[in-house]
Amino acid sequence: MTDTTAAETLDSAIAVIGMSGRFPGAPDLDTYWRNLLGGVTSITDFTEEELLADGADPDEIRGRDYVPSKGVLADADRFEAALFGFNRTEAAALDPQHRLLLQTAWSALEDSGHDPLGAPRRTGVYVGGGVTEHMLAAQTDPRQAAQIGALQVRILTDREFLAPWISYRLGLDGPSLTVQTACSTSLTAIHLACQALLLGDCDTALAGGVAVDTVHRRGYVHYQGGIFSSDGRCRPFDEASGGTVPGNGVGVVVLRRLADALADGDPVRAVIRGSAVTNDGAARVGFTAPGVDQQTAAIVEAWTAAGLDPADAQYLEAHGTATELGDRIEATAATAAFKGALGTGSIALGSVKANIGHLDAAAGVAGVIKTVLMLEHAVIAPTAGAGRPHPELALDGSPFHVVTEAEPWPEPEHGRRRAGVSSVGIGGTNVHVVLEEAPPRPRDTGSSGPEVLLLSAHTEDALRSLAGRLATALRAPDAPSLADTAHTLRFGRTPLAVRAYVLAADREEAAIGLGELAEGRTVSAPAAADDLRAIGEAWLRDERLPWPRRGRRVSLPAYPFGGESYGQLSLGTAPAARGQASQGPRSHGPEVHGTQSHGPQSQGASPAPEPGAADAGAGLDTSVRALLVETLGLDDGGDLSMTYFAAGGDSLAAVHLVGCLRDDFGIDVPLTLFLEELTLEELARRIVEAREPDDVLDALLSEFEGA
């Protein structure tokens, strides 16, 4: 076995400083870990009534080979549109994968202790996703193009814009790459992000993937010899294995060079020591079939890049689809790569697909997050439902043993806890990543005196939910110090409109105050330094006071995204109704330790009537206003005192409006008109005035002649 020196490790290692994910049965990573630890199978079995209610074909679901099972992502159609600057029309058109990935990227940055709208400079984005029913429906429905423009439809729905939307909405100026390698997409994205960091292309990177083919309840048809299981369960490497089960999910990790992360005090959750990507080329029986040699090569090359031997691993998170060919080839390839292990069965083997199904483009990041959690807790989670290994895999004489129940992960006699994560994509792209436990970090950083905890959210309900999560976190045995908590809330969160603060002398007092806030009660007012109270009151008034930097970034509960349902477009149906964006209550005046709102709240919206033929005078003015209201997704008539950009307009919507005004009303206006600081009221007036008098006369004559 080999190991590099500490200095060399620091130069080539990548720190995982933040993570966020939503998986079947797990709206957050705490729940995900509990499910993994308990060996929970989070595959949902649907009733016929549920499937029919979501538009399934009655003949198909009643067929002999239909399997009504899937790894479902709850509330995948909900989105905090206003928080990300989308108007209601755009949010309804935006693909659910884009919505989920935006929110998950936000949460991952918060988990790293960084303000999502104030992330470090030169932050790159490397993500990928799958094909969705929404995308296909939107891009083939001419009514969508007529409403917001064909280019806008594509930009809001096509998966090639997954990364750019994150970069744009979060203000990230590093490379922005959408990655596609089928089932190995998200692990490939992590590999590319690591390479970019090592090459200096960026200094921080978001990497991961999303897979939500539909937000509706759907099963699948089992075909003999196909990849899907006949009974709706995935049993990797098991004698009862019979195929995989589809699932939906999303995951993002935040990466930095380890040296930078340690120097800046980032909360390092694990370390990526090396990674590699290969392709099987033509050395396989078919395009969709995997190959042995290049899977082995990916593993060996990744551990070589880490300066380690594969035998240094104690755990392998396998691709593990539970297909006959896939598992057999993966077991053969891994056995060859890890042949130098200390002894038979010395490396634990698992696959998260047994818990949540096959998440396609998000499968790799789901495995990485699982492995990081195991490293943090020093526990190896079981493979859900695992029984006896499949005899044809010859695991009994291999370096591996399948984990059937949770087992401690003892610190190795030499070196640190280490694991490999593999992913294989249809098309032959194999990826392997080497993970290592994080270096020790001192728990506390000094001050044990009173602190002020500053909280904000987009709505009152979200603020209460956040307070409750923080109260729970501060009561945990491994809770961060009060100083670190206060520091992270101040510098690692985006200031939002609805605000509150809690004064406390210790963690328990803070948890009590946060609990009161979560229940909507007036927060107790313990004795505290006047300077801290002044900071809290200034926070409520959206004023800034000097803040003593006496803490460090720590992992805390992220923003509790909710939002309203925006549904999805479905093939063969009319466009989905626009969602009802949240209309959060506003506070009026400050309360001691209470909440207060600042800035514009989300604007409501409902469909406006389709503009008809151009009319003169007041009729034309009404029609132009209706066009603006519909395009921007404003509420019943809308608030026309806002500017075009404040209402959610952008350059693409402006191009669409210019075209509609020309085609539907015969009005030619310059695109620059929308770039001026005009209210919508003034904009509508200027548009009407742009119509030539002769055109008005022609319209009146046409109306007269048609009478």
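Parameters at a glance
Residues numbered from 1 in each chain as written. Predicted model: local features only at pLDDT ≥ 70, side-chain atom pairs only at ≥ 80, totals over all residues. Heavy atoms only, no water. Helix = DSSP H or I, 4+ residues; strand = E, 2+ residues; numbered from the N terminus. Buried < 20%, exposed > 50% of the residue type's maximum accessible area, 1.4 Å probe, protein only. Contact = heavy atoms within 4.5 Å. Areas by Shrake-Rupley, 256 points an atom, 1.4 Å probe, with all protein chains shown as cover. Patch = residues over 30% accessible without salt bridge, like charges linked within 9 Å, V, L, I, M, F, W, Y side chains within 5 Å. Salt bridge = Lys/Arg side-chain N within 4 Å of Asp/Glu carboxyl O. Axes fitted to C-alpha atoms, helices over the stretch in contact; angles between N-to-C directions. Parallel < 35°, antiparallel > 145°, perpendicular 65-115°, else oblique. Left-handed = near helix turned anticlockwise from the far one by under 90°. Nonpolar A, V, L, I, M, F, W, Y, C, P; charged D, E, K, R; others polar. Polar contact = N/O pair within 3.5 Å; in protein donor to acceptor, adjacent residues only side chain to side chain. Pairing = 2+ DSSP bridges. Phe/Tyr/Trp six-rings, centres within 6.5 Å; stacked < 30°, edge-to-face > 60°. Lys NZ or Arg CZ within 6 Å of the ring centre and 35° of its normal. Arc of directions from axis to C-beta. Core = buried A, V, L, I, M, F, W, Y, C linked by side-chain atoms within 4.5 Å.

A. Looking closely at the overall build of the protein chain. Per the secondary structure count, the protein chain includes 24 helices and 21 strands. For the protein chain, buried positions account for 58% of its 707 residues. For the protein chain, long-range pairs separated by at least 24 residues make up 79% of all intrachain contacts whose partners lie at least 6 apart in sequence. Within the structure as shown, the protein chain displays about 27700 Å² of accessible surface, and the carbon and sulfur contribution to it stands at 53%.

B. Up close: a nonpolar patch on the surface. Side chains of Val131, Leu136 and Leu571 sit close together on the surface and give an oily, nonpolar patch of about 240 Å² of accessible area. Looking at the secondary structure, you find Val131 in the loop between strand 6 (123–129) and helix 7 (133–140). On the basis of relative accessibility, which here comes to 41%, the residue Val131 falls in the partly exposed class.

C. Structural view of the packing of helix 13 (residues 292–305) against helix 14 (residues 324–337). Packing of helix 13 against helix 14 brings their axes to within 8 Å, and their N-to-C directions diverge by 45°. Judged on the interaxial angle alone, helix 14 and helix 13 are oblique. Where helix 13 crosses over helix 14, the two elements pack in a sense that is right-handed. Between helix 13, through Val292, Gln295, Thr296, Ile299 and Val300, and helix 14, the contact on the second element is made entirely by Ile329, Glu330, Thr332, Ala333, Ala334, Ala336 and Ala337. For the contact of helix 13 with helix 14, a count of residues per class yields eight nonpolar, three polar and one charged.

D. Molecular detail of the side chain of Lys70. Tracing the backbone through its elements, the reader meets Lys70 in strand 4 (residues 69–70). Polar contacts involving the side chain of Lys70 include one to the side chain of Asp213, which spans 2.6 Å. When neighbours within four sequence positions are excluded, Lys70 is seen to be in contact with Ile43, Thr44, Phe46, Asp213, Thr214, Arg218, Val245, Pro246, Gly247 and Asn248.

E. Main features of the packing of helix 7 against helix 9 (residues 150–157). Two numbers describe how helix 7 lies on helix 9: the axes approach to 9 Å, and their chain directions differ by 175°. The angle between the axes of helix 7 and helix 9 places the two elements in the roughly antiparallel class. On helix 9, the residues touching His134, Met135, Ala138 and Gln139 of helix 7 are Val153, Arg154 and Thr157. Looking at the contact of helix 7 with helix 9, its residues break down into three nonpolar, three polar and one charged.

F. Quick look at the sheet that holds strand 6. Spatial strand order, 7-6-8-10-1-11-18-17-12-13-15: eleven strands in an open sheet with mixed pairing. Every other strand in the sheet has two partners, leaving strand 7 (176–178) and strand 15 (400–402) as the edge strands with one partner each. Pairs of neighbouring strands in the sheet enclose a mean axial angle of 25°, with direction left out of account. Along the sheet, helix 16 (residues 363–377) contacts strand 1 (14–22), strand 8 (204–211), strand 10 (249–257), strand 11 (270–279), strand 12 (315–317), strand 13 (347–350), strand 17 (418–424) and strand 18 (429–437); its crossing angle with strand 17, the most-contacted strand, is approximately 170°.

G. Main features of the pattern of salt bridges. In this structure the tally under the stated criterion is 36 salt bridges. In this structure, Lys70 engages Asp213 in a salt bridge whose closest nitrogen and oxygen atoms are separated by 2.6 Å. Taken together, the residues span a long stretch of sequence, with Lys70 in strand 4 and Asp213 in the loop between strand 8 and strand 9 (220–221) at a distance of 143 residues. Taking the relative accessible area as the measure of exposure, Lys70 reaches 3% and is therefore buried.

H. Region of interest: the packing of aromatic side chains. Tallied over the full model, the rule gives 15 aromatic pairs. For the pair Phe79 and Phe84, a centre-to-centre distance of 5.7 Å together with 15° between the ring planes defines the contact as stacked. For the pair shown, Phe79 and Phe84 are each scored as buried. Joined through ring pairs, the aromatic side chains of Phe79, Phe84, Phe86, Trp106, Trp165, Tyr168, Tyr559 and Phe561 make up one cluster. Note that Arg169 overlies the ring of Phe86, its terminal NZ or CZ placed 4.1 Å from the centroid.

I. The arrangement of helix 23 (residues 680–689) in detail. Every buried residue of helix 23 is accounted for by Leu680, Leu683, Ala684 and Ile687. Each buried residue of helix 23 lies within a common arc of 100° when the element is viewed along its axis, so the set occupies one face.

J. Local environment of the nonpolar core. With 85 residues, the main nonpolar core has Phe79, Phe86, Ile166, Leu206, Leu453 and Leu514 as its most contacted residues. Setting aside its immediate chain neighbours within four residues, Phe86 contacts Phe79, Ala81, Ala91, Leu94, Leu102, Leu156, Trp165 and Arg169. Met19, Trp33, Tyr126 and Ala419 belong to the second-largest nonpolar core, a separate cluster that totals 50 residues.

K. Spatial organisation of the environment of Ala93. In this fold, Ala93 is placed in helix 5 (residues 88–93). A residue is classified by how much of its surface remains accessible, and Ala93, at 4% relative accessible area, is buried. Residues Ala93 and Tyr566, spaced 473 residues apart in sequence, show a C-alpha to C-alpha distance of 8.6 Å. Residues contacting Ala93, with those up to four places away along its chain left out, are His134, Gln144, Ile148, Leu156 and Thr157.

L. Region of interest: the pairing of strand 20 (residues 498–504). For strand 20, the buried fraction is high: seven of the seven residues fall into the buried class. Side chains Val498, Ala500, Val502 and Ala504 of strand 20 all project onto a buried face; the interleaved residues Arg499, Tyr501 and Leu503 project onto the opposite face, where all are buried too. Examined bridge by bridge, strand 19 (residues 451–457) and strand 20 share seven bridges and lie antiparallel to one another. Each residue of the ladder has a partner; that of Glu451, found in strand 20, is Ala504.

M. Structural view of the side chain of His134. Within the element layout of this structure, His134 appears in helix 7. A distance of 2.7 Å separates a polar atom in the side chain of His134 from the backbone oxygen of Ala93. Sequence-distant contacts of His134, that is, excluding residues within four places in its chain, are made with Ala92, Ala93, Leu94, Asp95, Pro96, Arg99, Thr157, Gln568 and Leu569.

N. Region of interest: the environment of Ala646. By secondary structure assignment, the location of Ala646 is in the loop between helix 21 (617–632) and helix 22 (651–665). Residue classification places Ala646 among the exposed positions, given a relative accessible area of 53%. Residues Ala646 and Gly85, spaced 561 residues apart in sequence, show a C-alpha to C-alpha distance of 8.9 Å.

O. The arrangement of the environment of Thr31 in detail. Locating Thr31 in the fold gives a position in helix 2 (residues 29–37). Using a relative accessible area of 14% as the deciding quantity, one classes Thr31 as buried.

All quantities given are derived from atomic positions and should not be read as evidence of function.
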